[in-house]
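# A structural walkthrough
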Amino acid sequence: MYFLIILLFSGNVAMNAQNFIVKEGSASFKAKMPLNSYIGTSDDLQGAIDFKEGALNFSVPVKSIKTDNEKRDGHMYELVKAEKNPNAVFEGNFMDDFNFEEKAAQTLTAKGDFSLAGVTREVTIPIELKLVSEDTLQLKASWSLLITDYNLERPSFTFIKVNDKHDLSVDALLEKKK
């Protein structure tokens, strides 16, 4: 009987530890072109992980992404139709389970939909998670995409086009949802 009570209690604690929300985080992209590159960054990452369901979702307001060049930012917002599609969004599921007993970083695979500029594509993203404390997770992810897959024209600067491939990354601290 005591074993059953302990099992039920520990199951309830584990259930409460299943939901995490972004406490602070950033998302960025790197665009390259011959002899140059630039980075766009946002510190307005929002999102959550539900380990019980194996689901995760993250979003970034497009107009929060800055490249340190207002003219380039304005062109980027136009290109991705930020007024009509204000957020870049990932919604997916983990293909692996996270081990809450493991202290080292774990790489899990997430598969889901990434939406940008009104176009949604299925992507697979390796996500590194580390339990920093009982209530806090560190998340790091990086992947690449082709902007033409999202019906975006490659920008050009003085007749030199930006590469189609852009590298994206997310870095976040998540806290247990209370």
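Attention here is on the structure that accompanies the text. Please read these numbers as outputs of a predicted model, since none were measured by experiment.

## What about the overall build of the chain?
Check the secondary structure of the chain and you find two helices and 11 strands. Helices and strands in the chain line up, N terminus first, as α-β-β-β-β-α-β-β-β-β-β-β-β. Within the chain, the proportion of its 178 residues that are buried is 39%. Here the chain has roughly 10,800 Å² of accessible surface; of this, 52% comes from carbon and sulfur atoms.

## Things to note about the packing of aromatic side chains
Aromatic ring pairs are described here by two measures, namely the spacing of the ring centres and the angle between the planes. Across all of its chains, the model carries nine aromatic pairs by this definition. Where F29 meets Y38, the ring centres are 6.1 Å apart and the plane angle is 85 degrees; that geometry is what we call edge-to-face. With respect to burial, F29 and Y38 carry one shared label: buried. Aromatic ring contacts, followed pair by pair, group F20, F51, F94, F98 and F100 into a single cluster.

## Things to note about the nonpolar core
Judged by nonpolar contacts, the single largest core of 47 residues is most densely connected at I49, F94, F114, I127, L129, L139 and L174. If you list the elements that add at least two residues to this core, you get β1 (19-33), β4 (55-61), α2 (70-79), β5 (87-94), β6 (106-116), β7 (119-133), β8 (136-146) and β11 (165-176). Apart from the residues lying within four places of it in its own chain, the contact partners of L174 are F20, I21, V22, K23, I49, F58, D135, T136, L137 and L139.

## Observations regarding the environment of R121
Along the chain, the position of R121 falls in strand β7. Along the primary structure R121 and F90 are separated by 31 residues, whereas in three dimensions their C-alpha atoms are 9.6 Å apart. Beyond its immediate chain neighbours, meaning those up to four positions away, R121 contacts G112, D113, F114, D149 and Y150. Of note is the side chain of R121, whose polar atom sits 2.8 Å from the backbone oxygen of D149.

## A few points about empty space enclosed by the protein
Taken as a whole and judged by the stated rule, the model has one cavity of 30 Å³ or more. Computed from the structure, the largest cavity encloses a volume of approximately 570 Å³. Along the walls of the largest cavity sit 36 residues, with F29, I65, F114, L116 and L168 positioned nearest its centre.

## So, the pairing of strand β3 (residues 46-50)
Here β3 shows one buried face, formed by G47 and I49, and one open face, formed by Q46, A48 and D50. Both β1 and β3 contribute to a ladder of three bridges, which runs antiparallel. Following the sheet pairing, F20 is matched in β3 by I49. Across five bridges, β3 lies against β4 in antiparallel orientation. Of the residues in β4, the one forming a bridge with D50 is A55. What sits between β3 and β4 in their antiparallel hairpin is a turn of four residues, with G54 showing a positive phi close to 75 degrees.

## A few points about the pattern of salt bridges
Applying the stated criterion across every chain yields a total of five salt bridges. Ionic pairing is found between D167 and K32, a salt bridge with its closest N-O pair at 3.7 Å. With D167 in strand β11 and K32 in strand β1, this residue pair connects regions lying 135 residues apart in the sequence. Exposure remark for K32: the relative accessible area of 36% places this residue in the partly exposed category. Linking E83 and K63 is a salt bridge whose minimum nitrogen-to-oxygen distance equals 2.2 Å. Linking E83 in the loop between α2 and β5 with K63 in the loop between β4 and α2, this pair joins segments that are 20 residues apart in sequence. Overall, the relative accessible area of 66% leaves E83 in the exposed class. For K63, a relative accessible area of 41% translates into the label partly exposed. Connected through shared salt-bridge partners, E134, D135 and K176 make up one network.

Conventions and cut-offs
- Residues numbered from 1 in each chain as written.
- Predicted model: local features only at pLDDT ≥ 70, side-chain atom pairs only at ≥ 80, totals over all residues.
- Heavy atoms only, no water.
- Helix = DSSP H or I, 4+ residues; strand = E, 2+ residues; numbered from the N terminus.
- Buried < 20%, exposed > 50% of the residue type's maximum accessible area, 1.4 Å probe, protein only.
- Areas by Shrake-Rupley, 256 points an atom, 1.4 Å probe, with all protein chains shown as cover.
- Phe/Tyr/Trp six-rings, centres within 6.5 Å; stacked < 30°, edge-to-face > 60°.
- Core = buried A, V, L, I, M, F, W, Y, C linked by side-chain atoms within 4.5 Å.
- Contact = heavy atoms within 4.5 Å.
- Polar contact = N/O pair within 3.5 Å; in protein donor to acceptor, adjacent residues only side chain to side chain.
- 1 Å grid on protein atoms, 1.4 Å probe; cavity = no way out; pocket = protein on both sides within 12 Å on 5 of 7 lines; lining within 4 Å.
- Points joined across faces, edges and corners; volume = space filled by probe spheres on them.
- Pairing = 2+ DSSP bridges.
- Salt bridge = Lys/Arg side-chain N within 4 Å of Asp/Glu carboxyl O.

Structural measurements only, silent on function.
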